[in-house]
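# Summary of structural features
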Amino acid sequence: QQQVKQSPQSLIVQKGGIPIINCAYENTAFDYFPWYQQFPGKGPALLIAIRPDVSEKKEGRFTISFNKSAKQFSLHIMDSQPGDSATYFCAAAHPSNTGKLIFGQGTTLQVKP
Amino acid sequence: DVKVTQSSRYLVKRTGEKVFLECVQDMDHENMFWYRQDPGLGLRLIYFSYDVKMKEKGDIPEGYSVSREKKERFSLILESASTNQTSMYLCASSLEGRQPQHFGDGTRLSIL
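Residues numbered from 1 in each chain as written. Chains lettered and ligands numbered in written order. Predicted model: local features only at pLDDT ≥ 70, side-chain atom pairs only at ≥ 80, totals over all residues. Heavy atoms only, no water.

### Re the packing of aromatic side chains
The final tally for this structure, using the stated rule, is 17 aromatic pairs over all chains. One aromatic cluster in this structure is built from A:Tyr36, A:Phe89, A:Phe103, B:Phe33, B:Tyr35, B:Phe48 and B:Phe103. (Phe/Tyr/Trp six-rings, centres within 6.5 Å; stacked < 30°, edge-to-face > 60°.)

### Thoughts on the sheet that holds strand E3 (residues 19-25) of chain B
All names here are of chain B. The four strands lie next to each other as E1-E3-E8-E7, forming an open sheet whose pairing is antiparallel. Of all the strands in the sheet, just strand E1 (4-6) and strand E7 (64-70) have a single pairing partner and so form its edges. Averaged over all neighbouring strand pairs, the angle between strand axes comes to 20 degrees, with direction disregarded. (Pairing = 2+ DSSP bridges. Helix = DSSP H or I, 4+ residues; strand = E, 2+ residues; numbered from the N terminus. Axes fitted to C-alpha atoms, helices over the stretch in contact; angles between N-to-C directions.)

### Some remarks on the layout of surface pockets
In this structure, the largest pocket spans a volume of roughly 490 Å³. Forming the boundary of the largest pocket are 26 residues, of which A:Gln38, A:Thr87, A:Phe89, A:Thr108 and B:Gln37 lie nearest the centre. Of all the secondary structure elements, the ones that give two or more residues to the lining of the largest pocket are strand E9 (86-93) and strand E11 (107-112) of chain A together with strand E4 (31-38) and strand E9 (87-94) of chain B. Considering only residue class, the lining of the largest pocket consists of eight nonpolar, 13 polar and five charged. Within this model, the second largest pocket holds a volume of roughly 370 Å³. Taken together, 18 residues form the lining of the second largest pocket, with B:Val2, B:Val4, B:Phe103, B:Gly104 and B:Asp105 sitting closest to its centre. Every element with two or more residues in the lining of the second largest pocket is listed here: strand E5 (45-50) of chain A together with E1 and strand E10 (102-103) of chain B. The element best represented in the lining of the second largest pocket is E1(B), accounting for three residues. Broken down by class, the residue content of the lining of the second largest pocket amounts to six nonpolar, seven polar and five charged. (1 Å grid on protein atoms, 1.4 Å probe; cavity = no way out; pocket = protein on both sides within 12 Å on 5 of 7 lines; lining within 4 Å. Points joined across faces, edges and corners; volume = space filled by probe spheres on them. Nonpolar A, V, L, I, M, F, W, Y, C, P; charged D, E, K, R; others polar.)

### Considering the sheet that holds strand E3 (residues 20-25) of chain A
Residue and element names in this part refer to chain A. Read across the open sheet, the five strands follow the order E1-E3-E8-E7-E6; overall the sheet is antiparallel. Two strands close off the open sheet at either side, each with one partner strand: strand E1 (4-7) and strand E6 (56-59). Averaged over all pairs of adjacent strands, the angle between strand axes in this sheet comes to 15 degrees, irrespective of strand direction.

Right, dumping it as C-alpha coordinates:
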(Lines give C-alpha, C1' and ligand atoms only; values in the text may rest on other atoms or scores of the structure.)
Protein backbone atom coordinates (compact mmCIF):
# COMPACT_ATOMS: atom_id res chain seq x y z
CA GLN A 1 0.00 0.00 0.00
CA GLN A 2 3.03 2.23 0.32
CA GLN A 3 4.18 1.70 -3.25
CA VAL A 4 4.11 4.07 -6.19
CA LYS A 5 4.10 2.27 -9.53
CA GLN A 6 5.57 4.11 -12.51
CA SER A 7 5.42 3.28 -16.21
CA PRO A 8 6.88 2.96 -18.75
CA GLN A 9 10.41 2.09 -17.70
CA SER A 10 11.81 3.74 -20.83
CA LEU A 11 10.46 5.97 -23.57
CA ILE A 12 11.81 7.24 -26.88
CA VAL A 13 10.14 10.12 -28.73
CA GLN A 14 11.01 12.42 -31.58
CA LYS A 15 11.67 16.09 -30.95
CA GLY A 16 8.35 17.92 -30.64
CA GLY A 17 6.50 14.83 -29.42
CA ILE A 18 4.55 14.63 -26.14
CA PRO A 19 5.94 11.91 -23.87
CA ILE A 20 3.58 10.81 -21.10
CA ILE A 21 4.74 9.10 -17.92
CA ASN A 22 2.19 7.50 -15.63
CA CYS A 23 2.14 6.76 -11.92
CA ALA A 24 -0.35 4.97 -9.68
CA TYR A 25 -0.60 4.75 -5.92
CA GLU A 26 -2.69 2.88 -3.36
CA ASN A 27 -2.52 4.88 -0.16
CA THR A 28 -5.28 7.51 -0.21
CA ALA A 29 -3.54 9.35 2.62
CA PHE A 30 -0.79 10.56 0.25
CA ASP A 31 -1.33 14.27 -0.25
CA TYR A 32 1.62 15.65 -2.18
CA PHE A 33 2.95 14.34 -5.50
CA PRO A 34 6.24 15.71 -6.85
CA TRP A 35 8.13 14.83 -10.00
CA TYR A 36 11.92 14.80 -10.05
CA GLN A 37 14.21 15.01 -13.09
CA GLN A 38 17.66 13.44 -13.11
CA PHE A 39 20.38 14.02 -15.71
CA PRO A 40 23.26 11.55 -16.07
CA GLY A 41 25.88 12.04 -13.37
CA LYS A 42 23.64 14.31 -11.33
CA GLY A 43 21.25 13.90 -8.46
CA PRO A 44 17.49 14.26 -9.01
CA ALA A 45 16.01 17.77 -8.88
CA LEU A 46 12.41 18.82 -8.26
CA LEU A 47 10.62 19.54 -11.54
CA ILE A 48 6.98 20.13 -10.62
CA ALA A 49 4.57 19.04 -7.89
CA ILE A 50 0.83 18.81 -7.33
CA ARG A 51 -1.60 18.41 -4.44
CA PRO A 52 -4.79 16.34 -4.83
CA ASP A 53 -7.13 19.32 -4.60
CA VAL A 54 -6.36 20.25 -8.23
CA SER A 55 -6.64 18.12 -11.35
CA GLU A 56 -3.90 19.75 -13.40
CA LYS A 57 -0.82 21.89 -12.94
CA LYS A 58 1.36 23.45 -15.66
CA GLU A 59 4.85 24.86 -15.44
CA GLY A 60 6.23 25.82 -18.80
CA ARG A 61 6.19 22.75 -21.05
CA PHE A 62 5.57 20.36 -18.14
CA THR A 63 2.06 19.41 -17.03
CA ILE A 64 0.88 17.11 -14.25
CA SER A 65 -2.58 15.59 -14.61
CA PHE A 66 -4.10 14.17 -11.43
CA ASN A 67 -7.01 11.75 -11.15
CA LYS A 68 -7.87 11.35 -7.48
CA SER A 69 -10.62 8.77 -7.94
CA ALA A 70 -8.35 6.54 -10.03
CA LYS A 71 -5.37 7.21 -7.75
CA GLN A 72 -3.24 8.04 -10.78
CA PHE A 73 -1.18 10.97 -11.93
CA SER A 74 0.89 11.60 -15.02
CA LEU A 75 3.55 13.91 -16.42
CA HIS A 76 3.21 15.33 -19.93
CA ILE A 77 6.07 17.13 -21.66
CA MET A 78 4.85 19.40 -24.44
CA ASP A 79 7.06 20.08 -27.47
CA SER A 80 9.77 17.82 -26.08
CA GLN A 81 13.41 18.71 -26.79
CA PRO A 82 16.62 16.66 -26.78
CA GLY A 83 17.60 18.55 -23.61
CA ASP A 84 14.62 16.89 -21.85
CA SER A 85 16.38 13.52 -22.17
CA ALA A 86 16.72 12.40 -18.56
CA THR A 87 15.31 9.99 -16.00
CA TYR A 88 12.04 11.07 -14.42
CA PHE A 89 10.76 9.92 -11.03
CA CYS A 90 7.29 10.41 -9.62
CA ALA A 91 6.86 10.37 -5.86
CA ALA A 92 4.24 10.59 -3.15
CA ALA A 93 4.62 12.21 0.22
CA HIS A 94 4.31 10.00 3.23
CA PRO A 95 1.31 11.14 5.28
CA SER A 96 3.38 11.52 8.48
CA ASN A 97 4.71 14.89 7.19
CA THR A 98 8.31 14.03 8.02
CA GLY A 99 9.26 14.97 4.49
CA LYS A 100 9.63 11.31 3.58
CA LEU A 101 8.87 10.54 -0.08
CA ILE A 102 8.05 7.25 -1.74
CA PHE A 103 9.47 7.17 -5.26
CA GLY A 104 8.36 5.35 -8.37
CA GLN A 105 10.72 3.12 -10.33
CA GLY A 106 11.81 5.83 -12.77
CA THR A 107 11.39 6.39 -16.52
CA THR A 108 14.34 6.98 -18.81
CA LEU A 109 13.29 9.37 -21.58
CA GLN A 110 15.21 9.87 -24.79
CA VAL A 111 14.16 12.66 -27.13
CA LYS A 112 15.65 12.20 -30.60
CA PRO A 113 16.57 15.28 -32.65
CA ASP B 1 21.55 27.77 -4.04
CA VAL B 2 21.34 24.75 -1.80
CA LYS B 3 24.38 22.57 -1.98
CA VAL B 4 24.46 18.95 -0.90
CA THR B 5 27.94 17.52 -1.12
CA GLN B 6 28.78 13.84 -1.04
CA SER B 7 32.40 13.14 -0.18
CA SER B 8 33.17 10.66 -2.97
CA ARG B 9 31.83 10.19 -6.50
CA TYR B 10 33.28 6.69 -6.84
CA LEU B 11 34.33 4.26 -4.15
CA VAL B 12 35.62 0.69 -4.35
CA LYS B 13 35.69 -1.43 -1.21
CA ARG B 14 36.09 -5.08 -0.30
CA THR B 15 33.56 -7.46 1.20
CA GLY B 16 33.51 -7.25 4.98
CA GLU B 17 34.96 -3.73 5.19
CA LYS B 18 33.27 -1.01 7.21
CA VAL B 19 32.35 1.76 4.78
CA PHE B 20 31.51 5.39 5.54
CA LEU B 21 29.65 7.63 3.10
CA GLU B 22 29.57 11.28 4.07
CA CYS B 23 27.07 13.98 3.16
CA VAL B 24 27.12 17.68 4.01
CA GLN B 25 24.47 20.32 3.32
CA ASP B 26 25.00 24.05 3.60
CA MET B 27 21.44 25.36 4.05
CA ASP B 28 20.60 24.60 7.67
CA HIS B 29 18.04 21.99 6.60
CA GLU B 30 16.23 20.00 9.28
CA ASN B 31 15.73 16.79 7.29
CA MET B 32 18.36 14.60 5.68
CA PHE B 33 17.93 11.36 3.76
CA TRP B 34 19.97 8.49 2.37
CA TYR B 35 18.71 6.58 -0.69
CA ARG B 36 20.09 3.90 -2.91
CA GLN B 37 19.31 3.95 -6.62
CA ASP B 38 19.21 0.75 -8.64
CA PRO B 39 17.97 0.33 -12.24
CA GLY B 40 14.30 -0.58 -12.36
CA LEU B 41 13.86 -0.06 -8.61
CA GLY B 42 13.92 3.72 -8.43
CA LEU B 43 15.06 5.46 -5.26
CA ARG B 44 14.68 3.47 -2.09
CA LEU B 45 14.97 5.16 1.29
CA ILE B 46 17.55 3.65 3.63
CA TYR B 47 17.42 6.03 6.61
CA PHE B 48 16.36 9.58 7.30
CA SER B 49 16.87 12.12 10.05
CA TYR B 50 14.61 15.00 11.03
CA ASP B 51 16.91 16.50 13.67
CA VAL B 52 20.39 16.19 15.09
CA LYS B 53 20.91 12.78 16.70
CA MET B 54 17.44 11.71 15.53
CA LYS B 55 17.06 8.99 12.92
CA GLU B 56 14.40 6.73 11.52
CA LYS B 57 14.59 3.62 9.41
CA GLY B 58 13.45 3.84 5.85
CA ASP B 59 12.31 1.00 3.64
CA ILE B 60 15.62 -0.90 3.36
CA PRO B 61 17.71 -0.27 6.51
CA GLU B 62 19.18 -3.77 6.85
CA GLY B 63 22.98 -3.75 6.77
CA TYR B 64 23.19 0.04 7.21
CA SER B 65 23.39 2.52 10.06
CA VAL B 66 23.59 6.31 10.15
CA SER B 67 25.02 9.08 12.26
CA ARG B 68 24.00 12.70 12.57
CA GLU B 69 26.12 14.44 15.19
CA LYS B 70 25.85 17.88 13.57
CA LYS B 71 22.92 19.39 11.70
CA GLU B 72 24.79 19.78 8.43
CA ARG B 73 26.34 16.30 8.27
CA PHE B 74 24.67 12.92 7.77
CA SER B 75 26.79 9.78 7.46
CA LEU B 76 25.78 6.40 6.09
CA ILE B 77 27.67 3.40 7.45
CA LEU B 78 27.87 -0.05 5.94
CA GLU B 79 28.83 -2.13 8.96
CA SER B 80 30.20 -5.07 6.95
CA ALA B 81 30.01 -4.43 3.24
CA SER B 82 28.55 -7.11 1.00
CA THR B 83 28.41 -7.39 -2.78
CA ASN B 84 24.65 -6.78 -2.82
CA GLN B 85 25.33 -3.30 -1.48
CA THR B 86 27.00 -2.31 -4.75
CA SER B 87 24.85 0.60 -5.86
CA MET B 88 24.50 4.35 -6.38
CA TYR B 89 23.93 6.12 -3.07
CA LEU B 90 22.19 9.48 -2.97
CA CYS B 91 21.96 11.91 -0.08
CA ALA B 92 19.25 14.58 0.12
CA SER B 93 18.15 17.32 2.47
CA SER B 94 15.00 19.38 2.91
CA LEU B 95 14.10 22.38 5.02
CA GLU B 96 11.14 20.75 6.74
CA GLY B 97 7.96 18.77 6.09
CA ARG B 98 6.85 19.04 2.48
CA GLN B 99 9.65 21.27 1.24
CA PRO B 100 11.55 19.98 -1.82
CA GLN B 101 14.38 17.55 -1.31
CA HIS B 102 17.75 18.67 -2.64
CA PHE B 103 20.04 15.88 -3.75
CA GLY B 104 23.77 15.44 -3.97
CA ASP B 105 25.27 13.97 -7.15
CA GLY B 106 25.67 10.53 -5.65
CA THR B 107 28.40 8.07 -4.72
CA ARG B 108 28.79 5.02 -6.92
CA LEU B 109 29.93 2.30 -4.54
CA SER B 110 31.35 -1.00 -5.72
CA ILE B 111 31.89 -3.83 -3.27
CA LEU B 112 34.28 -6.48 -4.58
